[in-house]
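Results of the structural survey
Here's the letter readout for the chains.
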Amino acid sequence: MILRVVAGVTGGTRPPLERGLVRAHLGTDRATGELVEVTVWDDTESARSAGGDGHSAEYFDIGTTWLEWSREEPVVFRVAVGRFTRPGSDREMLAALRDRIPELGDGMTESAAGRRLNGRAVEVLFFSAWAREPAGRRVDRAFWRDLSLHDDGFVVRVCSPVQPIVSRRPGP
């Protein structure tokens, strides 16, 4: 499965309804005010054929990590990306994320972890959507500070949904 992020979309307030689309979120970045579209796709071909309204898209291979924890509508979603240049450190981070995601508890409606190549670096993604803001955690910071000490850069984008999610079961 592929998670696609497009920032600065201007195509309206309706996520796409296209072949291969599993999930779509459209929200406003709390820091910049720009629209951000996050979509989950069955495969790379479907994700790349969706277009980007003239904006560049980031594609992350999330394999089978996408999980729906609840059918509640999210009040916030976040896209956290760490950059890794040390060989193997991206795989270590993905393994740690897979182990720790279940610890986040109630309120999370869905999650995914994945990666992509970006030049000589590997970027590791942790996407999460929340029916209520997580207690004891700031969504605009790293959830696990000890893990973020191993990256070469970290960015988190926090968005408030502007449209209900689009959803269907993965697969043909």
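Scroll up for the structure.
Below, the structure is looked at part by part. Note that the coordinates shown come from a computational prediction; the quantities given were computed from them, not determined experimentally.

1. Quick word on the side chain of Thr 65
Relative to the elements of secondary structure, Thr 65 occurs in the loop between strand E4 (57–61) and strand E5 (67–68). At 2.6 Å, the side chain of Thr 65 forms a polar contact with the backbone oxygen of Ala 113. Those residues in contact with Thr 65 that lie beyond four places of it in its chain are Arg 98, Ser 111, Ala 112 and Ala 113.

2. Comments concerning the side chain of Thr 39
Within the secondary structure layout, Thr 39 lies in strand E3 (residues 35–41). A distance of 2.7 Å separates polar atoms of two side chains, one belonging to Thr 39 and the other to Trp 41.

3. A look at helix H2 (residues 89–100)
A rise of 1.5 Å per residue sets the reference length of H2, with its 12 residues, at 16 Å; its end C-alpha atoms lie 16 Å apart and thus fit the reference within 8%. Among all positions of H2, only Ser 89, Asp 90, Met 93, Leu 94, Ala 96 and Leu 97 are buried. Relative to the axis of H2, the buried residues are bounded by an arc of 165 degrees and lie together on one face. Seen from the open side of H2, the exposed residues pointing more than 90 degrees away from its buried face are Arg 91 and Asp 99.

4. Some details on the packing of aromatic side chains
Taken as a whole, this structure holds 5 aromatic pairs when the rule is applied. For the pair Phe 126 and Phe 143, a centre-to-centre distance of 6.2 Å together with 70 degrees between the ring planes defines the contact as edge-to-face. Note that Phe 126 is positioned in strand E8 (residues 121–130) and Phe 143 in the loop between E8 and helix H3 (145–148), a separation of 17 residues in sequence. A residue is classified by how much of its surface remains accessible, and Phe 126, at 4% relative accessible area, is buried. Phe 143 gets classed as buried once you look at its relative accessible area, which sits at 10%. With a centroid separation of 5.9 Å and an interplanar angle of 85 degrees, the aromatic rings of Trp 130 and Phe 143 are classed as edge-to-face. Of the two residues, Trp 130 is situated in strand E8 and Phe 143 in the loop between E8 and H3; the sequence distance between them amounts to 13 residues. Linked through ring pairs, Phe 126, Trp 130, Phe 143 and Trp 144 together constitute an aromatic cluster. For Arg 78, the ring lying beneath its charged end belongs to Phe 143, and the centroid distance is 3.9 Å. The side chain of Arg 137 reaches across the aromatic face of Phe 143, ending 5.6 Å from its centre.

5. With respect to the pairing of strand E2 (residues 21–29)
With respect to burial, E2 is a largely interior element, 8 of its 9 residues being buried. What sits between the antiparallel neighbours E2 and E3 is a turn of 5 residues, in which Gly 33 has the positive phi angle 85 degrees. The pairing of E2 with strand E9 (residues 153–161) spans 3 bridges and is classified as antiparallel. Counted as the bridge partner of Gly 27 is Pro 161 from E9.

6. Some thoughts on the pattern of salt bridges
Per the counting criterion, the structure on display carries 14 salt bridges. Taking the shortest distance from any N to any O, the salt bridge between Glu 37 and Arg 4 comes out at 3.3 Å. Remark: Arg 4 occurs in strand E1 (residues 2–7) and Glu 37 occurs in strand E3; sequence separation between them is 33 residues. Here Glu 37 and Arg 4 have matching classes, each one buried.

What counts, and at which threshold
- Residues numbered from 1 in each chain as written.
- Predicted model: local features only at pLDDT ≥ 70, side-chain atom pairs only at ≥ 80, totals over all residues.
- Heavy atoms only, no water.
- Helix = DSSP H or I, 4+ residues; strand = E, 2+ residues; numbered from the N terminus.
- Polar contact = N/O pair within 3.5 Å; in protein donor to acceptor, adjacent residues only side chain to side chain.
- Contact = heavy atoms within 4.5 Å.
- Expected span 1.5 Å × (residues − 1).
- Buried < 20%, exposed > 50% of the residue type's maximum accessible area, 1.4 Å probe, protein only.
- Arc of directions from axis to C-beta.
- Phe/Tyr/Trp six-rings, centres within 6.5 Å; stacked < 30°, edge-to-face > 60°.
- Lys NZ or Arg CZ within 6 Å of the ring centre and 35° of its normal.
- Pairing = 2+ DSSP bridges.
- Salt bridge = Lys/Arg side-chain N within 4 Å of Asp/Glu carboxyl O.

Read these as geometric descriptors, not functional statements.
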